[in-house]
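Spelled out from the first residue to the last, the chains are:
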Amino acid sequence: MMTYCDPRSAYTSSIMSVQEQIKRITAPDIRARKGGEPIVSLTAYHAHTARLVDKYCDAILVGDSLGMVMHGLETTVPVTLEMMILQGHAVMRGSSRALVVVDMPFGSYEASKEQAFMNAARVMKETGCGAIKVEGGRRLAETIAFLTERGVPVMGHVGLTPQAINTIGSFRAQGREEKDWGPIEDDAKSVADAGAFSLVIEAVAEPLARRITEQVPIPTIGIGASAACDGQILVLEDMLGLSPRVPKFVRRYGDIGPGIEAAVQGYADDVRKRAFPGPDEVYGMKKK
Ligand code: KIV
């Protein structure tokens, strides 16, 4: 007897089984957390650190800070799209739960909304990440709307925007005088109105960060912007005590630098004394 299989039900069940497999937190999940339980995020650039932070974080940012942290650059300006894609892919491989957001590097999205879409689409296709981040406010509103309307979830970034270092002159905190609040507030509102699902606020005075958080309908994620924000982010290496210099807003939750140095010193001493490798760390001949 021939059995008839309704193609629509086959389609529906295959969609459902795909959905059941998707366990990652999504950009809309983060968007829905406005005003709720604080959003936990950290940066990661490697598969092994991504694996460690994935369990505890709602979002992992593959930040362009990798240029300074991994590559020892003075600023994030020289970071390329290829660097972001390589590390974004590694972080996706190392994680399975958190939303992975990849930073768009300087020069990859500012020229036009079309340039931004082409490069953001490349990042999403080649890494499999769930969202991208761009730095800037009002001037990017049109671009953010263009991206979100075309399937690219966008995290905004206002306040201190390190990619603008050559025009702002230094990495100092923003909005410490009330007269400077207007443009930063306008930036935050424009990014939210344009359709971003969340907003990083970096190095901004506490009262201004609180005010922006109250005003925008999307979650704010603070870095040096106080506990008034809807969530927090730190650069992993900074909070682990691996970065030689850190901004005032970093709390060190670890001090792994000396532990690494002690391990390397122990290894070097053992090699020099021919104490490593020892009998347990060599291959003998197969027994006949
Ligand atoms: O690049 C980065 O790590 C960032 C965070 C500091 C928010 O943009």
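Computed from a predicted structure; not experimentally measured.

Enquirer: Provide a residue-level description of the overall build of the protein, including the pertinent values.
Expert: Helices and strands together make up the secondary structure of the protein, namely 12 helices and 8 strands. Counting over 288 residues, the protein shows a buried share of 46%. Put simply, of all contacts in the protein between residues at least 6 apart along the chain, 59% involve residues at least 24 apart. About 16200 Å² of surface is accessible on the protein, with carbon and sulfur atoms providing 56% of the total. Looking at charge distribution, the protein has the averaged site of its 33 positive side-chain charges lying 5 Å from that of its 35 negative ones.

Enquirer: Now, about the pattern of salt bridges: what can you tell me, with residues and values included?
Expert: In total, this model carries 14 salt bridges according to the counting rule given. Among the ionic pairs, Glu114 bridges to Lys113, the shortest N-O distance being 3.6 Å. Residue classification places Glu114 among the partly exposed positions, given a relative accessible area of 41%. We note a salt bridge from Arg211 to Glu185, for which the minimum N-O separation is 3.1 Å. Taken together, the positions of Arg211 in helix H10 (residues 206-215) and Glu185 in helix H9 (residues 181-194) put the pair 26 residues apart, joining distant regions of the chain. A relative accessible area of 8% means that Glu185 is categorised as buried. Taken together, the salt bridges that share partners define one network made up of Glu82, Arg122 and Glu126.

Enquirer: Hey, could you go over the packing of helix H7 (residues 141-149) against H9 for me, with residue numbers and the actual values?
Expert: Axis separation between H7 and H9 bottoms out at 8 Å; the angle between their running directions is 25°. Classed by the angle they form, the pair H7 and H9 counts as roughly parallel. Where H7 crosses over H9, the handedness of that crossing is right-handed. Only Ser190, Val191 and Ala194 of H9 make contact with H7, whose side of the interface consists of Ala141, Ile144, Ala145 and Thr148. Grouping the constituent residues of the contact of H7 with H9 by class yields 5 nonpolar, 2 polar and no charged.

Enquirer: Explain the site of the ligand to me, using residue names and the numbers behind them.
Expert: The ligand sits among Thr43, Leu61, Gly63, Asp64, Ser65, Asp103, Lys133, His157, Val200, Ile223 and Val235. In the model, an oxygen atom of the ligand is placed 2.5 Å from a nitrogen or oxygen of the Ser65 side chain. Between an oxygen atom of the ligand and a side-chain N or O atom of Asp103, the distance comes to 3.2 Å. Relative to its unbound accessible area of 260 Å², the ligand is 94% covered by the protein chains.

What counts, and where the lines are drawn
- Residues numbered from 1 in each chain as written.
- Predicted model: local features only at pLDDT ≥ 70, side-chain atom pairs only at ≥ 80, totals over all residues.
- Heavy atoms only, no water.
- Helix = DSSP H or I, 4+ residues; strand = E, 2+ residues; numbered from the N terminus.
- Buried < 20%, exposed > 50% of the residue type's maximum accessible area, 1.4 Å probe, protein only.
- Contact = heavy atoms within 4.5 Å.
- Areas by Shrake-Rupley, 256 points an atom, 1.4 Å probe, with all protein chains shown as cover.
- Lys, Arg positive; Asp, Glu negative; His and termini not counted.
- Charge placed at Lys NZ, Arg CZ, Asp CG, Glu CD.
- Salt bridge = Lys/Arg side-chain N within 4 Å of Asp/Glu carboxyl O.
- Axes fitted to C-alpha atoms, helices over the stretch in contact; angles between N-to-C directions.
- Parallel < 35°, antiparallel > 145°, perpendicular 65-115°, else oblique.
- Left-handed = near helix turned anticlockwise from the far one by under 90°.
- Nonpolar A, V, L, I, M, F, W, Y, C, P; charged D, E, K, R; others polar.
- Near = heavy atom within 4 Å.
- Polar contact = N/O pair within 3.5 Å; in protein donor to acceptor, adjacent residues only side chain to side chain.

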